[in-house]
Amino acid sequence: MFTLSPTDIQALWLSAQVATAATLVALPAGFAIAWLLVFSRLPCKALVDGLVNLPLVLPPVVVGYLLLLLLGRQGPLGALLNSLGIQMIFTWKAAVVACAVIGLPLMVRSIRLGMEQIDPHLLHASRTLGAGWFDTLRSVVLPLTVPSLVAGATLCFARSLGEFGATVILAGNIPGVTQTIPLAIYDYTNTPGGEAGALSLCLVSIVLSYVVLLFNEAALRRFRKTNG
């Protein structure tokens, strides 16, 4: 029978918050990295591309452990944050970082595909008319990559909703604090008689993912209709 406990509702709400925050964090970074890979002339593009896409092929627990080494109290960034009074590990902020890192490659790939489809003649015309790189970015590149931005943000959000491995390593599984939907399902599967709760959260997760995909399609159709 479909039932949701107060702890389940907390997990749903926290998942939505973490996924939204992770998407907002990854969006400017994803746009900047995609622009760098498409339009810059850096000789180390292949290296940057490989590092960005590494979370796609590494097990999420490996990514989580590397983040733990980096952001832990003895880690280089963790020690700095700790000196500033910022607690990162085993908080919802750690879950946001884990989801943003895992979802970033999907966002970069989507935005990069959109940028690669921009007509080079438009960029040349912009430079010919005396526009600087920032004006070209604002008036040409950004408007033409809106569909890919929407697609990338949607993929990152959906991926963040289902992220488990890196989150459980970096943020832990604390009900009401860091327990998202996948972590709550994991708890149910390890609890005798928890099958009904696990199934309920699985159904909710499927519905949420489907709604996100529908929103993505609706947003892209509206953009094409407005600019078609």
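Every value quoted in this text rests on a predicted model; they were computed, and no experiment measured them.

Brief notes about the nonpolar core
Counting 39 residues, the largest nonpolar core has Phe31, Val108, Ile111, Val141 and Leu170 as its most contacted members. Sorting the residues of this core by element identifies helix H1 (6-39), helix H3 (60-71), helix H5 (92-116), helix H7 (133-144), helix H8 (146-161) and helix H9 (165-170) as the ones contributing at least two each. With 12 residues, the single largest contributor to this core is H5. Filtering out sequence-adjacent residues up to four positions away, Leu170 remains in contact with Gly64, Leu67, Leu68, Leu71, Ile89, Phe90, Ala94, Val97 and Ala98.

What to know about the environment of Val57
You can see Val57 is positioned in helix H2 (residues 45-57). On a C-alpha basis, the gap between Val57 and Ala166 in space is 13 Å, while along the polypeptide they are 109 residues apart.

Here's the deal with the packing of H3 against helix H4 (residues 76-83)
Any two packed helices are characterised by how steeply their axes cross, that is the angle between the axes, and by the distance between the axes. At a minimum axis distance of 4 Å, the contact between H3 and H4 shows a crossing angle of 45 degrees. Taken together, the axes of H3 and H4 lie oblique to each other. Contact with H3, carried on its side by Leu69, Leu70 and Leu71, involves Pro76, Leu77, Gly78 and Leu81 of H4 and no other residues of that element. A per-class count over the contact of H3 with H4 returns 6 nonpolar, 1 polar and no charged.

A closer look at the side chain of Asp8
Assignment of secondary structure puts Asp8 in helix H1. Of the side chains with opposite charge, Arg159 lies nearest to the buried Asp8, which makes no salt bridge, at 19 Å. Those residues in contact with Asp8 that sit more than four places away from it in its chain are Thr3, Tyr188 and Leu201.

Points about the layout of surface pockets
If you roll a probe as big as a water molecule over the atoms, it shows you where there is empty space left. Taken as a whole, the largest pocket holds about 270 Å³ of empty space. As for the largest pocket, its lining consists of Trp35, Phe39, Arg41, Pro120, Leu123, Arg127, Trp133, Thr136, Leu137 and Val141. Among the elements of the structure, H1, helix H6 (120-128) and H7 are those that each provide at least two residues to the lining of the largest pocket. Looking at the lining of the largest pocket, the element that brings in the most residues is H7, giving 4 residues. Considering only residue class, the lining of the largest pocket consists of 7 nonpolar, 1 polar and 2 charged. Roughly 200 Å³ of internal volume is contained in the second largest pocket. Along its surface, the second largest pocket is lined by Leu149, Val150, Ala153, Thr154, Phe157, Leu208, Val211, Val212 and Phe215. Among the secondary structure elements, those contributing two or more residues to the lining of the second largest pocket are H8 and helix H11 (195-227). Its residues assigned to classes, the lining of the second largest pocket shows 8 nonpolar, 1 polar and no charged.

Observations regarding H2
Taking 1.5 Å of rise per residue, 13 residues should cover 18 Å, and H2 covers 19 Å from first to last C-alpha, within 8% of that figure. Roughly 30 degrees is the biggest bend found in H2, and it falls at Leu51, with proline Pro55 one to four residues downstream. Residues of H2 that are buried include every one of Val52, Asn53 and Pro55, and no others. Contact partners of the buried residues in H2: H1, H3 and H5.

A look at a nonpolar patch on the surface
The grouping of Leu47, Leu51, Leu54, Leu56 and Val57 at the surface amounts to a nonpolar patch, some 490 Å² of accessible area in total. Within the secondary structure, Leu47 is located in helix H2. For Leu47, a relative accessible area of 54% puts it in the exposed group.

Quick word on unusual backbone geometry
Unlike most non-glycine residues, Phe90 shows phi in positive territory, near 60 degrees. Residue placement: Phe90 occurs in the loop between H4 and H5. Given a relative accessible area of 46%, Phe90 falls into the partly exposed group.

Definitions and limits used
- Residues numbered from 1 in each chain as written.
- Predicted model: local features only at pLDDT ≥ 70, side-chain atom pairs only at ≥ 80, totals over all residues.
- Heavy atoms only, no water.
- Core = buried A, V, L, I, M, F, W, Y, C linked by side-chain atoms within 4.5 Å.
- Buried < 20%, exposed > 50% of the residue type's maximum accessible area, 1.4 Å probe, protein only.
- Helix = DSSP H or I, 4+ residues; strand = E, 2+ residues; numbered from the N terminus.
- Contact = heavy atoms within 4.5 Å.
- Axes fitted to C-alpha atoms, helices over the stretch in contact; angles between N-to-C directions.
- Parallel < 35°, antiparallel > 145°, perpendicular 65-115°, else oblique.
- Nonpolar A, V, L, I, M, F, W, Y, C, P; charged D, E, K, R; others polar.
- Lys, Arg positive; Asp, Glu negative; His and termini not counted.
- Salt bridge = Lys/Arg side-chain N within 4 Å of Asp/Glu carboxyl O.
- 1 Å grid on protein atoms, 1.4 Å probe; cavity = no way out; pocket = protein on both sides within 12 Å on 5 of 7 lines; lining within 4 Å.
- Points joined across faces, edges and corners; volume = space filled by probe spheres on them.
- Expected span 1.5 Å × (residues − 1).
- Bend = angle between axes of the 7 residues up to and from the residue.
- Patch = residues over 30% accessible without salt bridge, like charges linked within 9 Å, V, L, I, M, F, W, Y side chains within 5 Å.
- Areas by Shrake-Rupley, 256 points an atom, 1.4 Å probe, with all protein chains shown as cover.

All quantities given are derived from atomic positions and should not be read as evidence of function.
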